[in-house]
Amino acid sequence: MDLLMTEEEVRFRNEVRAFLGTHLDEGLTRAERLNPSFLADPAVGLKWQAKLNHKGWVAPSWPKQYGGTGWTLAERYIFDQECERAGEPHFRGASIKMIAPVIMRYGNEAQKSFYLPRILNGEDVWAQGYSEPGSGSDLASLKTRAMLDGDQYIVNGSKIWSTLAHHATRMFALVRTADTGKRQEGITFILIDLKSPGITIRPIRSICGTHEFNQVFFDDVKVPVSDRIGEEGEGWDIAKYLLEFERGGAFAGGMLRAMLARLHRRASEPLPDGRRMIDDPLFMARFAEIATDVDANDMLELSAMSKVQAGGNPGSVPSSTMKIERSRIRQSIAELAASILGPDALRWEEHRPLHELPEESEIDEERKVASAVYFNSRSQSIFGGSNEIQLEIIAKTLLR
Amino acid sequence: MDLNYSDEQLLLKESAERFLKGRYDFEKRNTIIGSETGFDAGIWSEMADLGWLALPFAEENGGLGGGAVEISLIMEAIGRALVVEPYLASIILAGGLVEKLGSADQKAEILGGLIAGTSRLALAHAERQTGFDLGNITATAMKSADGYTISGKKPLVPGGSFADIFLVSATFDGTVKLFVVAADAVGLTSTQVKLVDGSRASDLVLDNVPVPASALLDGAADTLDEIEAAHDRANAALAFEAVGIMDALMDATVAYTKERVQFGKPLAAFQALQHRMAEMAVKCQEARGSALLATLSVDAPRVTRIRGVSGARAKIGKVSRSVAQEAIQLHGAMGFSQEMPIGAWFRRLYAIENTFGTTADHLKRYGEIVRDPAMLSGSLLREPV
């Protein structure tokens, strides 16, 4: 048992570090610093994706045969840590981390060869179509309906909280194709071209001032049967598979550590009154507590990774623990970072994206975005299976 | 990087748990802590037979060459079973220092009996004013004709009431040194003290205690550095003891709420209680991660060691307290009674929070380390040596 990298992994880390040093330019990292949201501003994300695509590093978790890197888990972990340290824009959203694994696992050959390359090169950007106005945590109650009509489905209904749907070209959606039997059995997984007639997208501005979420309406939208993934009624199993990727499929430790390091930088600079928060024992106590949380989360990630490497799986209690703790840590860092703004916390810059505004010092820009980052962080414990759902999963395992 | 236990480690874990489950149940423990000595010589010699007392020592010193991970497995089992015999104080802390600081002769003489279970050590270092500053020592050693004379007060010596040999720290020529002092030495008074968790310690007073020249353990450039490192090893061990206790509290709480029926259904059927137990499980998981980092840091360079060890003591202090409080609450009045082990686990965790540094002390020590941006932002993965 040890925490040691191999010589090969050290070499790999240095290669990644060198690449990031050369290609991840200040314009990109500044835009990400000024982004309060979970995912990068799409224009910024696509720019970085194009650079990585050139190198073949867009999709660290994909197998080589589909254009991924074919890296080991340890290499993916190291890559993630380095990218976060360097401050890369978070562009790997629904396309790379969610729909792609589903297409690889459940898609047919035609679907794989058409969709996967378009994800890698950024031609397609996907939005998620799971939640509905009446179906959140209780996803199986969804009502958006797809009626089979010859070789196409006619879709009617509405999906909500679709991240960046207004920039997306396509949506993967869970739709109801039957009302008989268990309600999970009537759900089907389809792919919808967002340029299809009958689609309306309504923006939802979040409490952090950014337009990232949308409600999408379907009014007799035609979807070819060939854009169904798996069989009719198989949607629920596919959805569960996908949520595993949303939940435990990625590492968050690098991002949390990078957030904490940014807070440390800001706390080391004098405030307008000359004090430095890093000299304040109350601040440092809270800061140090959060740092111990980040260390513990890192160890859980590495333990889970070790289990997977040895052919096992992390188990539901550790996976849900990580989902809960990551959200809490991110929220507590954002909250602490906002708590040291002083009266500047009252200023509110409405313009989005913030990186379009004239450049200021790094510290001033960090201060400018801190309130919005805190507001946005509240979503962490809601999306991808809320923390209450995670507690249900843990309780079910404990008490069975 | 690999955080999976090896097959041998899993066997050790299983055998430790089985031994204590069979030989050290809650009733047996109550008998021991109610006895005059607060110690069971039979259990101690069985631990010797199982190789536990030899475990951390190098093979050349008669040990089994076990590392921090092996020790952590024993400590986890000790936590669950609430063992009061001084495994940590005598073997890990004091024994470890003899191995680090002793000459070949000293090691042969002292470790032989320790490993055989016929002799027990205790480290008498901290004093009333020492607090968390291990260098703040006022006991003194003076050169005498054929050795040294030691004077000072050492309160709450861990494992002191079971020891026949003390390692006593004292300033000599302006630096802290460690001396081997027999429990029956002239001028030494050891008074047994009952501790909050049912275990024992001793208040030690040394009044011009003469020791021979061979009593000086002087094998390190800086004795204090070694004492600090030994306390970090002990703290990593305590972290896993706490993890063992937390899991035991978790298991007991789940079992109790499944069994206890109120309002016509088991307590475990109430969602309000289910979520509280799930939150306990989250904390148990986190504590295990922290304790593992501490364990894998004890042999690392000093700052990395502190980051792992004090970070774990800080984190585990906080979450273990919460788990123990919740366990009592979810047991209702039964959790408040001494008839159940819940309260004993609760009190042992409280003792751990106040042993070798408090939770706040460790948070502060950790905070000083992570003020360094390189330490803060660096990965937990390490470069090969």
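Scoring rules and cut-offs
For every chain, the first residue of the written sequence is number 1, and numbering continues from 1 onward in sequence order. Working convention: letters from A go to chains and numbers from 1 go to ligands, in the order in which they are written. With pLDDT at 70 or above as the cut-off, local features in this predicted model cover only qualifying residues; side-chain atom pairs require 80 or more to be listed or tallied, and sums for whole chains, interfaces and linings still use all residues. Secondary structure elements follow DSSP: runs of H or I of four or more residues count as helices, runs of E of two or more count as strands, with numbering from the N terminus. Our radius of gyration is a C-alpha quantity, and the globule rule it is checked against amounts to 2.2 Å times the number of residues to the power 0.38. Any residue with 12 or fewer other C-beta atoms within 10 Å of its own C-beta is exposed, any with 20 or more is buried, and the rest are partly exposed; the C-beta atoms used are placed from the backbone. Two residues qualify as being in contact provided that their C-beta atoms, derived from the backbone, are within 7 Å of each other. Throughout the structure description, domain borders are defined by an automatic or database domain assignment. Under the grouping applied here, Gly and all other residues not named as nonpolar or charged are polar, the nonpolar ones being Ala, Val, Leu, Ile, Met, Phe, Trp, Tyr, Cys and Pro and the charged ones Asp, Glu, Lys and Arg. pLDDT runs from 0 to 100 and stands for how confident the predictor is about each residue. Only the contacting stretch of a helix is used when fitting its axis, a line to C-alpha atoms as for every element, and angles between N-to-C directions run 0 to 180 degrees. Here the word oblique covers every angle except those under 35 degrees (roughly parallel), over 145 (roughly antiparallel) and from 65 to 115 (roughly perpendicular). By the definition used in this description, the sense in which the near helix is turned from the far one sets the handedness, with an anticlockwise turn below a right angle giving left-handed and a clockwise turn giving right-handed. Only buried residues count toward a nonpolar core: Ala, Val, Leu, Ile, Met, Phe, Trp, Tyr and Cys, linked into one set through C-beta atoms within 7 Å. Strands are treated as partners if at least two bridges between them are detected by DSSP. To estimate the expected span of a helix, count its residues, drop one, and scale the result by 1.5 Å. It is the directions from the helix axis to the C-beta atoms that the arc portrays.

## Some words on the overall build of chain A
If you tally the helices and strands in chain A, you get twelve helices and eight strands. The C-alpha atoms of chain A give 22 Å as radius of gyration, which agrees with the globular expectation for 400 residues (21 Å, within 12%). C-alpha extents for chain A along the principal axes are approximately 70 × 50 × 50 Å. Every one of the 400 residues in chain A was classed for burial, and the buried ones make up 44%. Within chain A, counting contacts between residues at least 6 apart in sequence, those at least 24 apart form 73% of the total.

## Thoughts on the domain arrangement of chain B
Residues and elements named next belong to chain B. For chain B, the assigned domains are domain 1 (7-119), domain 2 (122-217) and domain 3 (223-377). In this structure, domain 1 and domain 2 have C-alpha centres spaced 22 Å apart. Contact residues are listed per partner, giving 16 residues for domain 1 and 16 residues for domain 2. At seven residues, helix α5 (residues 87-101) tops the list of elements feeding residues into the side of domain 1 that touches domain 2. Looking at the side of domain 1 that touches domain 2, its residues break down into eleven nonpolar, five polar and no charged.

## Let's talk about the confidence of the model for chain B
Mean pLDDT over chain B: 97, with 100% of residues reaching 70 or higher. Both confidence scores are given for the complex: pTM 0.96, ipTM 0.97.

## With respect to the packing of helix α8 (residues 271-295) of chain B against helix α9 (residues 302-330) of chain B
Residue and element names in this part refer to chain B. Running from N to C, α8 and α9 point in directions that differ by 155°, and their axes come no closer than 9 Å. The orientation of α8 with respect to α9, classified from their angle, is roughly antiparallel. Between α8 and α9 lies a crossing of left-handed hand. For the pair α8 and α9, contact is made by Leu273, Arg276, Met280, Lys283, Cys284, Glu286, Ala287, Ser290, Ala291, Leu293 and Ala294 and by Gly308, Val309, Gly311, Ala312, Lys315, Ile316, Val319, Ser320, Ser322, Val323, Glu326 and Leu330, respectively.

## Focus on the nonpolar core
One recurring pattern in soluble globular proteins: nonpolar side chains tend to sit buried together. Residues and elements named next belong to chain B. Counting 223 residues, the largest nonpolar core has Ile150, Leu167 and Phe179 as the members making the most contacts within it. A per-element tally of this core places helix α7 (residues 223-259) first, with 14 residues. Once residues lying within four places of it in the same chain are set aside, the contact partners of Ile150 are Ala139, Ala141, Val168, Ala170, Phe179, Val181, Leu206, Val209 and Val211.

## Some points on the environment of Leu3 of chain B
In this structure, Leu3 of chain B sits in the segment before α1 (7-23). Judged by the 23 C-beta atoms lying within 10 Å of it, Leu3 of chain B is buried. Along the primary structure Leu3 of chain B and Leu296 of chain B are separated by 293 residues, whereas in three dimensions their C-alpha atoms are 9.6 Å apart. Setting aside residues no more than four positions away along its own chain, Leu3 of chain B makes contact with Met1, Leu302, Ser303 and Ser306 of chain A together with Leu292 of chain B.

## Side note on the domain arrangement of chain A
By the assigned domains, chain A splits into domain 1 (7-92), domain 2 (126-239) and domain 3 (250-399). Residue composition of the side of domain 1 of chain A that touches domain 2 of chain A, by class: three nonpolar, one polar and no charged.

## Details of the pairing of strand β3 (residues 147-158) of chain B
Residues and elements named next belong to chain B. Two strands pair when backbone bridges link them, and strand β2 (residues 140-144) and β3 are joined in this way by five bridges, in the antiparallel orientation. Its bridge partner lying in β3, Lys143 is registered against Tyr148. In textbook terms, the turn of a hairpin is the stretch between consecutive antiparallel strands, and for β2 and β3 this stretch comprises two residues. Where β3 and strand β7 (residues 200-212) come together, nine bridges link them in antiparallel fashion. Note that in β7 the partner of Tyr148 across the bridge is Val211.

## Topic: helix α6 (residues 109-120) of chain A
Working note: α-helix, 3.6 residues per turn, so residues spaced by three or four point in the same direction. Residues and elements named next belong to chain A. In a regular helix each residue adds 1.5 Å, so twelve residues correspond to 16 Å; α6 covers 17 Å between its end C-alpha atoms and thus fits that length. Considered for burial, the residues of α6 that qualify are Tyr115, Leu116, Ile119 and Leu120. Across the axial projection of α6, the buried residues extend over an arc of 130°, all falling on one side. Exposed side of α6, more than 90 degrees from the buried face: Ala110 and Ser113 are the residues found there.

## As for the interface of chain A and chain B
In this complex, chain A contributes 44 residues to the contact, which on the side of chain B involves 40 residues. Sorting the residues of the side of chain A that touches chain B by element identifies α1 (7-23), α4 (73-86), α8 (253-268), α9 (281-309), α10 (316-339) and α12 (387-399) of chain A as the ones contributing at least two each. Among the elements that take part in the side of chain A that touches chain B, α9 of chain A stands out by supplying 17 residues, more than any other. For the side of chain A that touches chain B, the residue count by class is 27 nonpolar, seven polar and ten charged.

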